[in-house]
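A closer look at the structure
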Amino acid sequence: GAVVSQHPSWVICKSGTSVKIECRSLDFQATTMFWYRQFPKQSLMLMATSNEGSKATYEQGVEKDKFLINHASLTLSTLTVTSAHPEDSSFYICSARGGLAVNEQFFGPGTRLTVL
Amino acid sequence: GENVEQHPSTLSVQEGDSAVIKCTYSDSASNYFPWYKQELGKRPQLIIDIRSNVGEKKDQRIAVTLNKTAKHFSLHITETQPEDSAVYFCAAKKAAGNKLTFGGGTRVLVKP
């Protein structure tokens, strides 16, 4: 149980385009979803927290107009990187919490974004 | 906000030896401390966690200890095996909070 999927697993795009990443909880209802960014050989940096049906809470320094987060249902959250640039190239990982798990977060497999 | 420091950043051990990773946290309100193992290009996997009402927890070759007074917690891996090679992250979360704050990670290499 507690499976989280992410799509796509990798994406290559041209500078200036927008990219949407989906995060789904497959066997539980995710009341809260988190989006992280991880640069090579670095830790996971929380970008934003989203609760179903409400606006996401962004961490300091994360541009909410550039990283659009939608959590429209209890099983789906999306992150859209708008007008992507090479410096946005990174590993984006979502996690979800819900069901009987009060503290534990279940991570998706990640999406590797490369912006040319 | 919460700040989590993790040491060492890299750790090389001989197969069969023990590995110890230490983390300190700043917010005394934190009460949940998970440890994650991440292999290259993969998702972080929870390997063990501890809550603040417990001082030690063990699961086969893995154990975690927590010292609330000193605000530090440690991961102990005994009888290390090559498949233990990965990056390990500690994290902390407050009772009333939503988010995990991660340490910087420790790259563990177990040499056969």
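Below or above, wherever it landed, is the structure these notes cover. Note that the coordinates shown come from a computational prediction; the quantities given were computed from them, not determined experimentally. (Residues numbered from 1 in each chain as written. Chains lettered and ligands numbered in written order. Predicted model: local features only at pLDDT ≥ 70, side-chain atom pairs only at ≥ 80, totals over all residues. Heavy atoms only, no water.)

**Some remarks on the state of the cysteines**
By the definition in use, this model includes 2 disulfides over all chains. Sulfur-sulfur distance for the disulfide between Cys23 of chain A and Cys94 of chain A comes to 2.0 Å. Between Cys23 of chain A and Cys94 of chain A, the S-S torsion sits near 80°, and that sign places the bridge as right-handed. Remark: Cys94 of chain A occurs in strand S9 (residues 90-98) and Cys23 of chain A occurs in strand S3 (residues 19-25); sequence separation between them is 71 residues. Relative accessible area serves as the criterion here: at 0%, Cys23 of chain A is assigned to the buried category. With a sulfur-sulfur separation of 1.9 Å, Cys23 of chain B is cross-linked through a disulfide to Cys90 of chain B. Disulfide Cys23 of chain B to Cys90 of chain B: torsion about the S-S bond roughly -100°, handedness left-handed. You can see Cys23 of chain B sitting in strand S3 (residues 19-25) and its partner Cys90 of chain B sitting in strand S9 (residues 86-94), a full 67 residues away along the chain. When its relative accessible area of 1% is taken as the criterion, Cys23 of chain B is described as buried. (Disulfide = S-S within 2.5 Å. Helix = DSSP H or I, 4+ residues; strand = E, 2+ residues; numbered from the N terminus. Buried < 20%, exposed > 50% of the residue type's maximum accessible area, 1.4 Å probe, protein only.)

**Describing unusual backbone geometry**
Between His7 of chain A and the following residue, Pro8 of chain A, the backbone shows a cis peptide bond with an omega angle of 0°. Counting through the fold element by element, Pro8 of chain A comes out in the loop between strand S1 (4-7) and strand S2 (10-13). Cis geometry is found at the peptide bond from His7 of chain B to Pro8 of chain B, where omega equals -5°. By secondary structure assignment, the location of Pro8 of chain B is in the loop between strand S1 (4-7) and strand S2 (10-14). With a phi angle near 60°, Lys41 of chain A is a residue other than glycine that sits in the positive phi range. By the secondary structure assignment, Lys41 of chain A is in the loop between strand S4 (30-38) and strand S5 (45-51). Non-glycine residue Glu79 of chain B carries a positive phi angle of around 45°. By the secondary structure assignment, Glu79 of chain B is in the loop between strand S8 (72-77) and S9.

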